[in-house]
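Secondary and tertiary structure notes
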Amino acid sequence: MEDQYFIGWGTLMLINAGIAQGKNRSGLNWFFISLFLGPIATFILVMLEKLPEGGR
């Protein structure tokens, strides 16, 4: 049962990294943020605006 928890959390981390990259943000940073915040990080990413291309 615990294995499923870790697999799900790891999958969420990868999904959040993909969402972050789609919004021109650092996927690696959000991958690690998701390690601690999990679903809260997903909510934050969904609410954030997309950054302009090539800028921050």
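See the structure above.
Overview of the structure. Not measured: the values here are computed from a predicted model. (Residues numbered from 1 in each chain as written. Predicted model: local features only at pLDDT ≥ 70, side-chain atom pairs only at ≥ 80, totals over all residues. Heavy atoms only, no water.)

Listed as buried for helix H2 (residues 27–37) are Gly27, Trp30 and Ser34. Burial along H2 is one-sided: seen end-on, the buried residues are contained in an arc of 60 degrees. Within H2, the exposed residues directed more than 90 degrees away from the buried face are Leu28 and Phe36. For H2, the elements touching its buried residues are helix H1 (2–22) and helix H3 (39–47). In the stretch just after H2, Gly38 is the one whose phi turns positive, near 55 degrees. (Buried < 20%, exposed > 50% of the residue type's maximum accessible area, 1.4 Å probe, protein only. Helix = DSSP H or I, 4+ residues; strand = E, 2+ residues; numbered from the N terminus. Arc of directions from axis to C-beta. Contact = heavy atoms within 4.5 Å.)

These figures capture arrangement, not role.
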